[in-house]
Amino acid sequence: MATGSINNNKKDRRYPEEKKEIFTKEMEKWIGGMVYAGVNETKSVKAWNIIGNPLDKTVNDNTFNWGEYLGEVDYARTAVKIARDTVKNANVDLELFVSNTFGQYDEMGNMADELISLVDAWEADNVTKIDGYNILLNAIYSKDVVFQEGNKTMITNLFDKLGKTGKLIRVSDLSMMVEELDGNFIAINKLTEEDRAAAASYMAFIMQEYRRLIPADKQYGISISGITETNTGYKLCPWTSDYNRNEMYEGIVDGLK
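The rules behind each value
- Residues numbered from 1 in each chain as written.
- Predicted model: local features only at pLDDT ≥ 70, side-chain atom pairs only at ≥ 80, totals over all residues.
- Heavy atoms only, no water.
- Salt bridge = Lys/Arg side-chain N within 4 Å of Asp/Glu carboxyl O.
- Helix = DSSP H or I, 4+ residues; strand = E, 2+ residues; numbered from the N terminus.
- Buried < 20%, exposed > 50% of the residue type's maximum accessible area, 1.4 Å probe, protein only.
- Core = buried A, V, L, I, M, F, W, Y, C linked by side-chain atoms within 4.5 Å.
- Contact = heavy atoms within 4.5 Å.

A. The arrangement of the pattern of salt bridges in detail. Throughout the structure, instances matching the rule amount to 17 salt bridges. The closest approach of N and O atoms between Lys25 and Glu21, which form a salt bridge, is 3.4 Å. Of this pair, Lys25 and Glu21 both sit in helix H1 (residues 16–35), four residues apart, roughly one helical turn. Its relative accessible area of 45% is what places Lys25 among the partly exposed residues. One salt bridge connects Asp131 with Arg84, and the closest N-O pair in it is separated by 2.8 Å. Within this pair, whereas Asp131 is found in the loop between helix H4 (108–123) and strand E3 (132–142), its partner Arg84 is found in helix H3 (residues 74–87), the two being separated by 47 residues in sequence.

In structure tokens form, the structure reads like this:
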């Protein structure tokens, strides 16, 4: 879903019904234009994140809240209906996902419960259907043993809860950073071989838990945030800046075994 900003310089005197009609038409233009890519069986959008980061509570000058104008539940139902109506006569199987970012500083289990409850509320009309969850996962390997055990537990709880929904589960933009005992992240060019090996092992654990806890027919796939590292960056990738395979590459391979 697109975000935008509202010009608050002038008081908008239109009635709520007028605003709802206006923004519904704008939503139709946006979603219809995105989904209708020469719609037919061979050339079409077949999977799309229809709602992005619905758990994000950020409010600033660039925030646009569709729910404020279309209703906190109806905005999602309207978006799904528009997308499905767009391809209804094109013999296209459109899979719609709700996408949200999860990080190791979040209470992943509680967030998963909140996201699942939100989707359940949207689908309570027995018409709206969300096909799957797209999880943007920012993983952290902590050198603090206690924190790291907590990190692993959160990953297990997240996939356990998602796996029980019966929906497709996709992990996108999977990233990995290493955290020092003091809570600071370690730059790529400061990592030891032991750090890299431990982070790679954690990556393998994440991928193995995904495959263990998500039913095989609901595993939509995993995508990695980056392929090559930058010396001044913090994200570990499967290739070094010189395009040599490294420990993270091995971790990903182990995760897929």
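B. Main features of unusual backbone geometry. Here Asn53, not a glycine, exhibits a phi torsion of approximately 50 degrees, which is positive. By the secondary structure assignment, Asn53 is in the loop between strand E1 (47–52) and helix H2 (66–70).

C. Fine view of the nonpolar core. Ranked by internal contacts, the top residues of the largest apolar core, which has 63 residues, are Ile50, Leu137 and Phe159. Counting residues per element, this core draws most heavily on helix H6 (residues 193–213), at eight residues. With residues up to four places along the chain from it excluded, the contact list for Phe159 reads Leu137, Val171, Ile206, Glu209, Tyr210, Leu213 and Ile214.

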